[in-house]
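Geometric and topological summary
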Number of protein chains: 2
Amino acid sequence: MVSIKDIAKHAGVSISTVSYALNGNPKVTEETRKRILAVANELNYVPNAAARTLKKRETRIIGTFLTTFEGSFYGGLLQGMKEIMNKLGYDLVICSGTQSHRMLSEGMLDGAIILDREFSDDELIQHANRGHKLVVLDRELSHENVVQVLLDNKAGATFAMEYLISQGHKKLYAVTGPEGTFDSEQRLAAARQTVERSGLNITYKEIPGNFDKKSGFAAAAQIIAEYDGPAGVFCLNDEMAIGMYDALKETPYRIGEHVHVVGFDHIDIADYVQPRLATVDYSERRWGAVAAEQLIKLIGGKGTAEHERIYVSLITGDSVRPANVNIDG
Amino acid sequence: MVSIKDIAKHAGVSISTVSYALNGNPKVTEETRKRILAVANELNYVPNAAARTLKKRETRIIGTFLTTFEGSFYGGLLQGMKEIMNKLGYDLVICSGTQSHRMLSEGMLDGAIILDREFSDDELIQHANRGHKLVVLDRELSHENVVQVLLDNKAGATFAMEYLISQGHKKLYAVTGPEGTFDSEQRLAAARQTVERSGLNITYKEIPGNFDKKSGFAAAAQIIAEYDGPAGVFCLNDEMAIGMYDALKETPYRIGEHVHVVGFDHIDIADYVQPRLATVDYSERRWGAVAAEQLIKLIGGKGTAEHERIYVSLITGDSVRPANVNIDG
DNA sequence: TTGTATGCGTTATCAG
DNA sequence: CTGATAACGCATACAA
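Residues numbered from 1 in each chain as written. Chains lettered and ligands numbered in written order. Predicted model: local features only at pLDDT ≥ 70, side-chain atom pairs only at ≥ 80, totals over all residues. Heavy atoms only, no water.

1. Considerations on the domain arrangement of chain A
Entries for chain A in the domain assignment read domain 1 (4-47), domain 2 (57-151 + 284-311) and domain 3 (153-282). In this structure, domain 1 of chain A and domain 2 of chain A have C-alpha centres spaced 36 Å apart. (Domains from an automatic or database assignment.)

Below is the structure:
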């Protein structure tokens with residue numbers, strides 16, 4: 001490995017001069033700077049990140065933590081983050097799994113964006129207490145080193161339920177996410193509230209789900225078992241809605257006819273299933289970009305980083321049709 | 001920040017004893033070890049990665065480089081890698097963008113897996129020359145520090161073309177990937193060869209594509225413009241095939257009737273489009289796992305890491321039907 | 001404008 | 001079994 005010491009030797013200067021030259025410090029003549037750069041180039045010099053970090057106590061690397069790499073929501077989100085980070089001179093790496101949490105505590109990261117239920121609130125607070133800067137995308141957490149950038153779950157769930165109700169559905173279901181997860185709780189609360197506030201005589205039931213296809217599949221079975229007329233179903237995410245499509249395919253019941261479904265997330269597949277899935281949409285890219293901006297602000301310490309909310313909108317689709325239309329004619 | 005020096009002070013021992021204790025070196029009594037660990041815990045000690053790395057010249061972190069985070073093929077691939085790496089005591093981070101290449105050269109990574117056309121062969125060779133260990137998933141590259149783990153593109157493309165031919169199609173198209181990309185070139189070569197070897201009187205044409213939806217959409221336009229009977233199309237990846245579906249939706253032509261399509265990759269959507277897309281399948285998970293294994297072998301220097309091939313298989317679907325059946329009856 | 005000296009937190013070698 | 005001490009490569013305050 002070639003270090004600045006080697007460069008110094010070859011260029012006939014001291015190592016501090018090399019360091020200055022390499023970092024563009026005006027203390028060194030343009031001339032010697034050029035000479036030193038030439039030598040560095042010739043020797044194939046590459047700075048050593050560990051040494052620099054040890055000294056400067058910063059890596060200019062941000063980590064985003066995901067529960068899993070699987071399930072394809074996050075492309076736009078990460079891309080949005082990356083663009084902002086790169087522009088601001090930071091690099092982004094994506095991590096997953098408890099084992100990788102060490103990167104945060106051991107100081108390999110200048111900050112982190114958390115979208116990962118495997119982090120407990122306690123653990124996050126510990127990290128924040130140690131001075132690490134965090135943005136959370138999946139919970140509410142109050143700490144001077146933490147800012148929240150959250151989806152407007154409440155609005156989304158309200159849109160979804162109001163849509164079903166507006167189409168005349170009186171028998172409603174919600175298929176939930178894993179108990180205790182922030183998104184699930186928030187969406188559920190809003191769904192209930194919407195039903196109550198409607199003032200209509202609505203049957204409303206919740207079926208426990210898990211945010212995965214399988215649980216949507218399972219929920220469909222229950223709905224069919226109880227079937228006694230058109231049902232409106234709010235799947236708290238699209239993946240479960242897709243599971244429901246899969247399940248109904250094997251039965252005489254039809255989506256948008258017997259079972260009316262709204263999802264949440266607007267994943268790619270939603271546009272391709274038959275009939276097209278009604279869902280709640282938001283800009284992943286924007287979400288990522290906002291999160292990145294806030295984190296960098298927090299790290300820089302200048303400008304107050306503030307909690308942010310990401311807006312959502314409803315996308316209609318033929319997976320929901322009026323309850324009182326008799327399709328069979 | 002609390003360092004081993006602080007622990008030493010509090011525990012009334014020297015820093016080297018602390019280091020030994022923390023690293024489980026048997027040189028230190030079980031008793032003092034416990035005492036030191038207790039102190040460390042109490043002081044909330046966390047080791048400093050930069051210092052350790054500077055000394056040991058290893059991070060136990062592997063980087064996987066992707067061209068983009070968008071487009072959701074890679075979930076299974078990354079998950080497969082992660083599982084193996086974690087089992088072997090390594091952490092995995094995902095990187096994207098030229099800016100992040102510095103992580104490799106600056107020594108923040110013990111090795112890297114490359115699936116990213118933004119790395120030129122030259123750049124990779126430079127890294128390899130500096131002693132960095134690499135696994136390439138997207139090209140052929142000979143170097144003692146590089147091993148290849150490649151899809152069996154040739155087999156896949158042959159399956160796809162043979163399938164179209166076996167269904168009696170005589171007018172064939174291939175929609176290509178970006179010029180110069182390994183996957184595209186390999187699949188194309190095999191496609192041509194299959195046509196030639198068939199010994200049949202087949203019209204075969206190539207339409208330049210870009211591995212994205214848009215180019216599939218565009219290719220469809222050309223095929224329709226020339227339409228004079230059933231056409232068989234091998235889209236060199238599924239994404240372009242989906243673009244073709246989108247394009248035909250706006251025309252009177254039907255997939256599996258006028259235009260018969262085979263893709264490559266078996267992405268999620270392939271199972272949900274109507275009619276179901278015939279495609280070439282492989283285990284992403286296995287691909288990732290094999291890549292990870294080979295890289296760790298290469299890093300460890302023990303056992304010879306060897307180039308590997310990932311097998312593929314054909315999944316049929318109604319996007320391809322016999323050419324001579326008159327569906328309109 | 002350039003050089004000298006020191007320390008960042010670890011590991012590891014060598015004496016005790 | 002434990003303690004000094006020298007690196008690792010770099011940045012920087014201070015001296016020249």
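Still to come is the rest of the account.
2. Some details on the protein's contact with DNA strand C
In the vicinity of DNA strand C there are 29 residues, among which A:Ser16, A:Thr17, A:Lys55, B:Tyr20 and B:Tyr45 approach most closely. Take the atoms of DNA strand C that sit within 4 Å of the protein: sugar and phosphate atoms are 61% of them. A distance of 2.7 Å separates a sugar or linking oxygen of DNA strand C from a polar side-chain atom of A:Thr29. Contact distances for DNA strand C include 2.7 Å between a base nitrogen and a side-chain N or O atom of A:Lys55. Secondary-structure elements contributing two or more residues to the surface near DNA strand C are helix 2 (15-22) and helix 4 (49-56) of chain A together with helix 1 (4-11), helix 2 (15-22) and helix 4 (49-56) of chain B. (Near = heavy atom within 4 Å. Polar contact = N/O pair within 3.5 Å; in protein donor to acceptor, adjacent residues only side chain to side chain. Helix = DSSP H or I, 4+ residues; strand = E, 2+ residues; numbered from the N terminus.)

3. Observations regarding the protein's contact with DNA strand D
In the neighbourhood of DNA strand D, 30 residues make up the surrounding shell, with A:Ile4, A:Tyr45, B:Ser14, B:Thr17 and B:Lys55 lying closest. A:Tyr20 places a side-chain nitrogen or oxygen 2.9 Å from a base nitrogen of DNA strand D. Residue assignment for the surface near DNA strand D shows that the elements contributing at least two residues are helix 2 and helix 4 of chain A together with helix 2 and helix 4 of chain B. Of the residues contributing to the surface near DNA strand D, the split by class is twelve nonpolar, eleven polar and seven charged. (Nonpolar A, V, L, I, M, F, W, Y, C, P; charged D, E, K, R; others polar.)

4. Concerning empty space enclosed by the protein
Scanning the entire structure with this criterion turns up two cavities of 30 Å³ or more. If you trace the largest cavity, you find 13 residues lining it, with A:Ala50, A:Met108, B:Ala50, B:Thr53 and B:Met108 closest to the centre. Of all the secondary-structure elements, those providing two or more residues to the lining of the largest cavity are helix 4 of chain A together with helix 4 of chain B. Grouping the amino acids of the lining of the largest cavity by side-chain chemistry returns six nonpolar, six polar and one charged. (1 Å grid on protein atoms, 1.4 Å probe; cavity = no way out; pocket = protein on both sides within 12 Å on 5 of 7 lines; lining within 4 Å. Points joined across faces, edges and corners; volume = space filled by probe spheres on them.)

5. Some remarks on the sheet that holds strand 8 (residues 231-235) of chain B
All names here are of chain B. Here four strands make up an open sheet; going across it, the order is 7-6-8-9 and the pairing parallel. Whereas interior strands pair on both sides, the edge strands pair on one side only; in this sheet they are strand 7 (203-207) and strand 9 (259-262). Neighbour-to-neighbour, the strand axes of the sheet open up by a mean angle of 20 degrees, direction not taken into account. Bridge count for strand 6 (residues 171-175) against strand 7 is five bridges, and the pairing is parallel. Across the sheet, residue Leu 172 finds its bridge partner in strand 7, namely Tyr 204. (Pairing = 2+ DSSP bridges. Axes fitted to C-alpha atoms, helices over the stretch in contact; angles between N-to-C directions.)

6. A word on the interface of chain B and chain A
Opposite the 52 residues of chain B that make contact, chain A presents 52 residues. Taking both sides of the interface into account, the surface hidden between chain B and chain A amounts to around 4,400 Å²; carbon and sulfur atoms contribute 54%. Where chain B touches chain A, the interface holds six salt bridges. Between A:Arg285 and B:Glu70 there is a salt bridge, with the nearest N and O atoms lying 2.8 Å from each other. Along the contact surface separating chain B from chain A lie 25 residue pairs in polar contact (both at pLDDT 80 or more). Breaking the side of chain B that touches chain A down by element, the ones donating at least two residues are helix 4, helix 5 (75-87), strand 2 (91-96), helix 6 (102-105) and helix 11 (238-249) of chain B. (Contact = heavy atoms within 4.5 Å. Buried area = accessible area lost by both parts, 1.4 Å probe. Salt bridge = Lys/Arg side-chain N within 4 Å of Asp/Glu carboxyl O.)

7. Regarding the pattern of salt bridges
In total, this model carries 30 salt bridges over all chains according to the counting rule given. Residue A:Asp183 is joined to A:Arg187 by a salt bridge in which the shortest nitrogen-to-oxygen separation is 3.8 Å. Of this pair, A:Asp183 and A:Arg187 both sit in helix 9 (residues 182-198), four residues apart, which is roughly one turn of the helix. When its relative accessible area of 2% is taken as the criterion, A:Arg187 is described as buried. Shared partners join several salt bridges into a network, and the residues in it are A:Arg52, A:Asp91, B:Arg102 and B:Glu106. (Buried < 20%, exposed > 50% of the residue type's maximum accessible area, 1.4 Å probe, protein only.)

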